[in-house]
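# Fold and contact review
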Number of protein chains: 2
Amino acid sequence: MKSQLHPKSHRIVVLAEGSFGVLESKTATVLVRYLAENVVAIIDSTRAGRDVSEVIGIGEGIPVVRDLGEAMRFQPTMLAIGIAPPGGELPRAWRAVLGEAIAAGLHVMSGLHRFLSEDAAFAALAARHNVVLWDARKPPANLPVATCKAAEVESTVVLTVGSDCRVGKMLSGIEITNAARARGLNAEFCPTGQNGIMVWGWGIAIDAVISDFTAGAAEQIVLEGAKNHEVLLVEGQGSLVHPGYSGVTLSLLHGSMPDAMIFCHQPSRTTVARYTVPLPSLSEMIAQYEMMAAPIKPAKVIGLALNCFDLSEADARDAIATAEAETGLPATDVVRFGAEKLVDAILAVHPAKSEQDSQD
Amino acid sequence: MKSQLHPKSHRIVVLAEGSFGVLESKTATVLVRYLAENVVAIIDSTRAGRDVSEVIGIGEGIPVVRDLGEAMRFQPTMLAIGIAPPGGELPRAWRAVLGEAIAAGLHVMSGLHRFLSEDAAFAALAARHNVVLWDARKPPANLPVATCKAAEVESTVVLTVGSDCRVGKMLSGIEITNAARARGLNAEFCPTGQNGIMVWGWGIAIDAVISDFTAGAAEQIVLEGAKNHEVLLVEGQGSLVHPGYSGVTLSLLHGSMPDAMIFCHQPSRTTVARYTVPLPSLSEMIAQYEMMAAPIKPAKVIGLALNCFDLSEADARDAIATAEAETGLPATDVVRFGAEKLVDAILAVHPAKSEQDSQD
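Figured I'd write up the structure that's included with this text. (Residues numbered from 1 in each chain as written. Chains lettered and ligands numbered in written order. Predicted model: local features only at pLDDT ≥ 70, side-chain atom pairs only at ≥ 80, totals over all residues. Heavy atoms only, no water.)

Counting secondary structure elements, chain A contains 13 helices and 12 strands. Its C-alpha radius of gyration of 20 Å places chain A within 12% of the 21 Å reference for a compact globule of 360 residues. Residues classed as buried in chain A amount to 58% of the 360 residues present. Partitioning the contacts of chain A with sequence separation of at least 6, the portion at a separation of at least 24 is 72%. When the accessible surface of chain A is summed, it comes to about 14,000 Å², and 51% of that surface belongs to carbon and sulfur atoms. Each charge sign in chain A was given a centre, from 29 positive and 40 negative side chains, and these centres are 6 Å apart. (Helix = DSSP H or I, 4+ residues; strand = E, 2+ residues; numbered from the N terminus. Rg over C-alpha atoms; globule rule 2.2 N^0.38 Å. Buried < 20%, exposed > 50% of the residue type's maximum accessible area, 1.4 Å probe, protein only. Contact = heavy atoms within 4.5 Å. Areas by Shrake-Rupley, 256 points an atom, 1.4 Å probe, with all protein chains shown as cover. Lys, Arg positive; Asp, Glu negative; His and termini not counted. Charge placed at Lys NZ, Arg CZ, Asp CG, Glu CD.)

Set out below in structure tokens:
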């Protein structure tokens, strides 16, 4: 489950041709946010010549360049695929760029559903040039069915859950982990999706696991993280009310067996994205997670991470106050106002678990 | 999703060496129950010479034989693998039997996790002898993420859900389908697991689908069944309180978007099999299914299928009366007392849906 390459030891050029800064290049944005010291350039000919921060508001000093040839001036050692092609097939033009990058000796990091390492042409080329094709989404072989072993770890396990996809479950997990470390806690982020795996260097993309073994994969992630850390922030996926991905969400809840949950939500969202399914109220969604956790291992939602990127600062503060009043739980926007409140909430659970374990 | 072979047009010999009649050969028992006219012999040298009915209580007149050589006297056209090998690997001795069967011109039907059609040696042998290796568990390629299209079918969709694995979700689905057909309803069973697929000749084994597409697979099954049938009995899997398989269960609930559910349970069971997780009360489990269905499409549990195989007739009647009193729902053991009560419950929902559709 450790990655074959660690992105933090590389100089990365990110391929985001034609879509840097829009939803399809979420991976590129995540790489800039969490690997800013490693990303040396973004390839997008339609935005070439601009600074990354002019396009996405972060990443000052990183240039957007026209093509791989221009990017080579920055001596990259790795090409990261920062876009998801529609339909899952690599466009012909990108295949050419990938081939060029491999021939130039760059390792390749990809989160695509279609694995580059299983593409005969790329695999042969990579072998010839002695570079690694790292498919961050490819799950390890021989995952087990879940066995409830995650209940036995000594670490405090916190799962980020949420109302929908793309509300900030990964980002909150990372921000809380970083804030907890700054407070002296031995905390670890446990990635369960390809973007988290790319920036953190380990994990399993559980949405790519065969459904019989998805909870087992979540269990393996917790057992791995618990080897050396006292607090684990497990990255949630999907939502219990998502028509397509709810099964992934429940597998993750039952496989990771958290001690507590952080609920992530975008206050401006009222239906599941791309569906007409209305989102229940915050209290209803929180009750649903707690009810589904209870038969396997009881766990409470202990705080809210609200993604207010599309609200003014005043509206964001209002949304946070409203959510706190409705739920009685501490709430924050971790990007805008920091994750301290949520670290406090975890600390309130953490010693309780430590004491309980020592009494067992 | 239609099978490459239809088992009802074959003379089947079932391989159940060393385990006919015990839990590991559930597939063999299911084949005898639902394909009694097609099964010509069972191979199990440890029980050879007995009649199938002496071993499992059904299948009178079908012989248990020592080996494939003896089974060939009954002119089989297909070998079915009736056992699940521990660890998923085919024992060497079975490989030899499979090779013999293929060389003798028998098609092979398998529900194993490891696909025979992807085994180079078997695939080559099968090509040479012009026989089909049918892996009932192998999902179709390019399954979509669920889109909520199952809500639009005109058929009444009934999902069998339950408290645990192996409580009778497949069997109840088939028995209710058969009873509904006997009452003149154009009903269809929609298999979601390898055993159901083997006896019914179509379906998708959703536990073998990558988790992102599991609900999408359930949706495809409903869309297929709805083409020609007014009532669909969708085979449920696992349980919402199963630590390993709950995600499969929820994917199936949200992907198939049932109009109603039949809850299956074994009254003597108090914990999830192979785990220490206690089962909640019947009412709690029913409420949990209804609550999880509600945000995507509301559906009620309308009847109970109780698996009382390990109870005396008096105790079975007691268990049924107790469950009816607790839940206010009609209950039966479909094998012992028939499925009529549950067909009645479906009929009470079915015209209501038809009327509603015609008013839309």
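Residues and elements named next belong to chain B. Judged by how many residues are buried, strand β2 (residues 39–43) sits mostly within the fold: 5 of 5 residues are covered. Where strand β1 (residues 12–15) lies against β2, 4 bridges are found, and the strand directions are parallel. Its bridge partner being in β2, I12 is matched across the sheet by V39. Crossover β1 to β2 through helix α1 (residues 26–34) is right-handed. Relative to strand β3 (residues 64–65), β2 runs parallel, the two being bridged by 2 bridges. Each residue of the ladder has a partner; that of I42, found in β3, is V64. (Pairing = 2+ DSSP bridges. Right-handed = clockwise from strand over helix to strand, strands pointing away.)

Attention shifts here to the pattern of salt bridges. With the rule as written, the count across this model stands at 34 salt bridges over all chains. Note that D207 of chain A is salt-bridged to R137 of chain A, the shortest N-O span being 2.9 Å. You can see D207 of chain A sitting in the loop between α7 (194–200) and α8 (214–225) and its partner R137 of chain A sitting in the loop between β6 (133–135) and β7 (156–162), a full 70 residues away along the chain. For the salt bridge of K138 of chain B with E118 of chain B, the shortest nitrogen-to-oxygen distance reads 3.1 Å. Highlighted residues: K138 of chain B in the loop between β6 (133–135) and β7 (156–162) and E118 of chain B in the loop between β5 (107–110) and α5 (120–129), separated in sequence by 20 residues. Here the salt bridges share partners, and the residues they tie into one network are R66, D67, E70 and R73 of chain A. (Salt bridge = Lys/Arg side-chain N within 4 Å of Asp/Glu carboxyl O.)

We now examine the state of the cysteines. All names here are of chain B. Under the definition given, this model contains 0 disulfides over all chains. Here C165 stays free of any disulfide, with the sulfur of C264 as its closest cysteine sulfur at 12 Å. Here C308 stays free of any disulfide, with the sulfur of C264 as its closest cysteine sulfur at 12 Å. (Disulfide = S-S within 2.5 Å.)

To continue, consider the sheet that holds strand β2 (residues 39–43) of chain A. Residue and element names in this part refer to chain A. Read from one edge to the other, the open sheet built from 6 strands follows the order β3-β2-β1-β4-β5-β6, with strand pairing classed as parallel. Whereas interior strands pair on both sides, the edge strands pair on one side only; in this sheet they are β3 (64–65) and β6. Sheet contacts for helix α1 (residues 26–34): β1 (12–15), β2, β4 (78–81) and β5 (107–110); angle to β2, the most-contacted strand, approximately 160°. Most of the contacts of helix α4 (residues 92–103) go to β4, to which it runs at about 160°, and overall it touches β1, β4, β5 and β6. (Axes fitted to C-alpha atoms, helices over the stretch in contact; angles between N-to-C directions.)

Below, the discussion takes up the interface of chain B and chain A. Residue-level contacts link 36 residues of chain B with 36 residues of chain A. Around 2,900 Å² of area is buried between chain B and chain A when both sides are counted, 61% of it from carbon and sulfur atoms. By the criterion of area lost to chain A, the three top residues of chain B are S211, D212 and P295 of chain B, representing 18% of everything that side buries. Of the charged contacts, one joins D212 of chain A and R137 of chain B as a salt bridge, the two residues approaching to 4.0 Å between their closest N and O atoms. Linking chain B to chain A there are 12 residue pairs in polar contact (both at pLDDT 80 or more). Contributing elements (two or more residues each) for the side of chain B that touches chain A: α8 (214–225), α9 (246–256) and α10 (282–293) of chain B. Looking at the side of chain B that touches chain A, the element that brings in the most residues is α9 of chain B, giving 6 residues. Its residues assigned to classes, the side of chain B that touches chain A shows 22 nonpolar, 11 polar and 3 charged. (Buried area = accessible area lost by both parts, 1.4 Å probe. Polar contact = N/O pair within 3.5 Å; in protein donor to acceptor, adjacent residues only side chain to side chain. Nonpolar A, V, L, I, M, F, W, Y, C, P; charged D, E, K, R; others polar.)

All names here are of chain B. Reported here for the second largest pocket is a volume of approximately 250 Å³. Sort the elements by how many residues they give to the lining of the second largest pocket and β6 lands first, with 3 residues. A per-class count over the lining of the second largest pocket returns 9 nonpolar, 4 polar and 3 charged. (1 Å grid on protein atoms, 1.4 Å probe; cavity = no way out; pocket = protein on both sides within 12 Å on 5 of 7 lines; lining within 4 Å. Points joined across faces, edges and corners; volume = space filled by probe spheres on them.)

With 12 residues, helix α10 (residues 282–293) of chain A extends 17 Å between its outermost C-alpha atoms, agreeing within 8% with the 16 Å of an ideal straight helix rising 1.5 Å per residue. For α10 of chain A, the set of buried residues is L282, M285, I286, Q288, Y289, E290, M292 and A293 of chain A. Where α10 of chain A is buried, its residues touch β7, α9 (246–256), β10 (260–265), β11 (300–306) and α11 (313–327) of chain A together with α10 of chain B. (Expected span 1.5 Å × (residues − 1).)

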